[in-house]
Amino acid sequence: MKKHIFFTLVLLISGLARADLVIEIDKGSRAAIPVAVVPFANESGQPLAEDIGQIVTEDLKRSGDIEPLDRTKMLSIPSKAEEIYFRDWGLLGQRYLLVGGVQYDAPSQVYKVRYELYNVQSQQRVLGKVLSGKSEKLRDMGHAVADAVYEAVTGIRGVFSTRIAYVTLEKSGTKNIYRLEVADADGRRSTELLKRSMPIISPAWSPDGKKLAYVSFESQRPAIYVQDTITGTRTQVTSFKGLNSAPTWSPDGTKLAVTLSKDGNAELYVLDLRNNSLKRLTNHWAIDTEASWSPDGRTIAFTSDRGGGPQIYLMDASGGSPRRLTFEGRYNSRPRFSVDGKKVYYVHQRDGSFNVASLDLESGQDQILTQTEMDESPSVAPNGSMIIYATQKNGKGVLAVVGVNSGSKYTLPAQFGDVREPAWSPYISR
Amino acid sequence: MDSPGNQPKSGYIGPALFSVILHLGIAGLAFLGWSAHTPPTPVVPHMQAMVIDAETLKQMTKPQPKPAVKKEEPKREEEQQKKQQDQEKQRQEELKRQEQAKQEAERKAAAEKKREQEAIALKKKQEEERKKKEEEKRQEDEKRKAEEKKKAEEKRKAEEERKKKDAERKKKEEEKRLAEQKQKELERQMKEAREKKRQEELKKAEELKMAQEAAEYERRLQEQLEAESSAQRQQRELTEVEKYKALIYSSLVQAWLQPPGEIKGLKAELQLQLLPTGELLSVKVVKSSGNSAFDQSAIGAANAVRKYSVPSDPGLFNREFRNVTIIFSPK
């Protein structure tokens, strides 16, 4: 009898102590996440120059990782918690819901943008914040909301407050006008940094996002310049005989990898900006150009035709012998490291069309990311989730963005003239 | 139907007729005037002639017997006399003629003057009539204009009145609309409150039901335990558990929208409380992945499953599926 009681007790205890049933979920859908961005309530008492909800919607959509709900499908337009019927949004298949409003304080002329992000399924508030600024900051505030929402939903820092640099070519009669411009990441609010009648090429952002290195032919032959994007002051950093091209910054911002032909043939050099010392990296009869630093600064990827046609090679940033990276196709050029350093993006030619491709350094697996015909100059967003590139649309150079995870594409609003050579800025601390 | 050409023709008839009558009138007057004066005209020379004739007659009567006495003398005298008489007669006739001519001229002048006066009077009368007519027309015009103005004024006033009424009506409608809106809003809020209350009650009822069900399951479990051998039961339950585990796995894989980017190596552990109906009672993160978006995606997935597949066997449900741990860990 005693034994029996003991046995029962053991059973009971083990039953109580026994762990829950465990189910491990190792797979899921990688589709864009549905987020309802409800139009922001205008509580300012006056018409607003910017539609914050629209800015957020467009930013999120452009990423390809988030699928904002079409406004026309919304059953209600809540702007605060007590107005939300979560069940409705759940039935619309939404995972998140962004609501907010814009207020205005007339004496100080300051706008207040209030926003709240909810997990529709759990009805939990994930974000809640108020931003403030004057009217010219409304777009910035919109981008900041998009950044916060993107990060909350994807776990990845948003890049909607970053900027892009690019070159435009305007042909007026026989004259060409080249402009180096900087704009918001959505292509809006562009400002002109430089205007020349001779080509400007290869703009590259410094890691602190304050300076641009580029090549200008204004003195009849190519020279590399570094220009401060805020003050506008610029310095010529190389002007050797022959080629001076393809500058890219080392991750610490102290050096530039450049292509020079001063010793007879296009070779890679590293220019130390602190003391203007020059170090030669490659030494080959073939052309070596278009260097890109790995995020850790240890490796340099570049284009060389030493194998007979242009291919991507990797080498130590301190020198040494290069090793060939690409073998698919007869034309691979213009490498750029991914933000995590695990991939290299480049231009790949296949069936007569040029496309942006990626190559996984560990597995060696390559993937074509774009499908138009003349895609070139890929530049990676600082969060690694998007790539901006130049392409042709109706015979005109335009800029497009491809979502790295989703593969979704988006063409930036048309600019005046031909647009080319985009460069995505790093995060800019303001 | 009159042709347009008739219009002026008939318009002339009046004046023409008038003109003819007027001329006839003037002629008539002239004639009457002349014939009225005719009888006295010859009277004057006749009277004079009578006077002259009487003297002549005396003279004639006196010497008349004389010529018979004196042959030469009286004859000369008679001739002289006759000559004198003839001259006198001639002079008288001349005078008479002159007088007649003068009278005729005077008459003509008087007639002419009269005619002129009449014409002037007529003209004046016509002028007066015209002026009168004009005056009448002007007055009429003025009257008409005044009436028109009055009418316009009345119309304007009516329009103003209408507008005013319109505005008032609109204002009233707007007020009514606002009031209705407010009322609707109030009703909506009340409805919401009612709905919330209803939901809460439903939830309470559900919980109560669950508790009752749990008791019932417990009782049946006890019965089963008594009826079934332990080995048999374990075997049966193992297969059942695996079956429902697989069903829950597949619904969560479908419901999980993974965040983009690199998520390999992330791991979030969630505890789910289920109801015997398969509904989710609660979910909580027991071990975070360290990535809030990843945790949220897991919470979203757990909540997105409308109905979990759970065994209908109450004992098995209570032991294995009332609390379930889900580990989200992408490979």
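Residues numbered from 1 in each chain as written. Chains lettered and ligands numbered in written order. Predicted model: local features only at pLDDT ≥ 70, side-chain atom pairs only at ≥ 80, totals over all residues.

## What to know about the overall build of chain B
Part 1 of the reasoning: A count of helices and strands for chain B gives 6 helices and 3 strands.
Part 2 of the reasoning: When the helices and strands of chain B are read in sequence order from the N terminus, they spell out α-α-α-α-β-β-α-α-β.
Part 3 of the reasoning: Within chain B, the proportion of its 331 residues that are buried is 13%.
Part 4 of the reasoning: Once local pairs closer than 6 in sequence are excluded, the contacts in chain B between residues at least 24 apart make up 73%. (Helix = DSSP H or I, 4+ residues; strand = E, 2+ residues; numbered from the N terminus. Buried ≥ 20, exposed ≤ 12 C-beta atoms within 10 Å, placed from the backbone. Contact = placed C-beta atoms within 7 Å.)

## Side note on the overall build of chain A
Part 1 of the reasoning: Looking only at helices and strands, chain A features 4 helices and 31 strands.
Part 2 of the reasoning: Counting only residues that meet the buried cut, chain A has 45% of its 430 residues in that class.
Part 3 of the reasoning: Taking the contacts inside chain A whose residues are at least 6 apart along the sequence as the reference set, 43% of them involve residues at least 24 apart.

## Considering the nonpolar core
Residues and elements named next belong to chain A.
Part 1 of the reasoning: Counting residues in hydrophobic clusters, the biggest one holds 136 residues, and the most contacted among them are Val35, Leu98, Val145 and Val149.
Part 2 of the reasoning: The leading source of residues in this core is helix α4 (residues 138–154), at 10 residues.
Part 3 of the reasoning: Leaving out residues up to four positions away in the same chain, Val149 has contacts with Val35, Val56, Leu60, Leu98 and Leu117. (Core = buried A, V, L, I, M, F, W, Y, C linked by C-beta atoms within 7 Å.)

## Here we look at the confidence of the model for chain A
All names here are of chain A.
Part 1 of the reasoning: Taken over all residues, the pLDDT of chain A has a mean of 92, while the share at 70 or more is 95%.
Part 2 of the reasoning: Per-element mean pLDDT across chain A ranges from 51 in helix α1 (residues 2–17) up to 97 in strand β20 (residues 299–304).
Part 3 of the reasoning: In the model, residues 10–17 has pLDDT below 50 throughout and makes 0 contacts with residues more than four positions away in sequence or in other chains. (pLDDT = per-residue confidence, 0-100.)

## Digging into the sheet that holds strand β12 (residues 211–216) of chain A
Residues and elements named next belong to chain A.
Part 1 of the reasoning: Pairing in this open sheet of 4 strands is antiparallel, and the strands run β11-β12-β13-β14 from one edge to the other. Each edge of the open sheet is held by one strand with a lone partner, namely β11 (200–205) and β14 (234–238). Pairs of neighbouring strands in the sheet enclose a mean axial angle of 25 degrees, with direction left out of account.
Part 2 of the reasoning: By the bridge criterion, 6 bridges tie β12 to strand β13 (residues 223–228) in an arrangement that is antiparallel. Counted as the bridge partner of Lys211 is Asp228 from β13. (Pairing = 2+ DSSP bridges. Axes fitted to C-alpha atoms, helices over the stretch in contact; angles between N-to-C directions.)

## Notes on the packing of helix α2 (residues 52–63) of chain A against α4 of chain A
Residues and elements named next belong to chain A.
Part 1 of the reasoning: Axis separation between α2 and α4 bottoms out at 8 Å; the angle between their running directions is 45 degrees. In terms of orientation, α2 and α4 fall into the oblique class. Note on packing geometry: the crossing formed by α2 with α4 is right-handed. Only Leu138, Arg139, Met141, Gly142, His143, Val145, Ala146, Val149 and Tyr150 of α4 make contact with α2, whose side of the interface consists of Ile52, Ile55, Val56, Asp59, Leu60 and Ser63.
Part 2 of the reasoning: Grouping the constituent residues of the contact of α2 with α4 by class yields 10 nonpolar, 3 polar and 2 charged. (Parallel < 35°, antiparallel > 145°, perpendicular 65-115°, else oblique. Left-handed = near helix turned anticlockwise from the far one by under 90°. Nonpolar A, V, L, I, M, F, W, Y, C, P; charged D, E, K, R; others polar.)

## Considerations on the sheet that holds strand β9 (residues 175–184) of chain A
Residue and element names in this part refer to chain A.
Part 1 of the reasoning: Within the open sheet, the 4 strands sit side by side as β10-β9-β8-β31. Their pairing is antiparallel. With partners counted over all chains shown, the strands left at the sheet margins are β10 (191–196) and β31 (418–424), one partner each. Put simply, the sheet's adjacent strands are angled 20 degrees from each other on average, direction ignored.
Part 2 of the reasoning: Direction of pairing for β9 relative to β10: antiparallel, over a ladder of 5 bridges. Within the sheet, the bridge partner assigned to Leu180 lies in β10 and is Leu194.

## Description of the interface of chain A and chain B
Part 1 of the reasoning: Each partner contributes to the interface: chain A provides 28 residues, whereas chain B provides 36 residues.
Part 2 of the reasoning: Elements that contribute at least two residues to the side of chain A that touches chain B include exactly β1 (21–25) and α4 of chain A.
Part 3 of the reasoning: In terms of residues, the side of chain A that touches chain B owes the most to one element, β1 of chain A, which gives 5 residues.
Part 4 of the reasoning: Among the residues making up the side of chain A that touches chain B, the classes are represented as 10 nonpolar, 10 polar and 8 charged.
Part 5 of the reasoning: In this sheet, strand β3 (residues 323–328) of chain B lies alongside β1 of chain A in parallel orientation, the contact comprising 5 bridges. If you follow Ile25 of chain A over to β3 of chain B, its bridge partner there is Phe328 of chain B.

## What to know about the environment of Leu194 of chain A
Residues and elements named next belong to chain A.
Part 1 of the reasoning: As for its position among the elements, Leu194 is in strand β10.
Part 2 of the reasoning: Sequence separation between Leu194 and Tyr178 is 16 residues; the distance between their C-alpha atoms is 8.1 Å.
Part 3 of the reasoning: Not counting residues up to four positions away in its chain, the partners in contact with Leu194 are Arg179, Leu180, Ile200 and Gln227.

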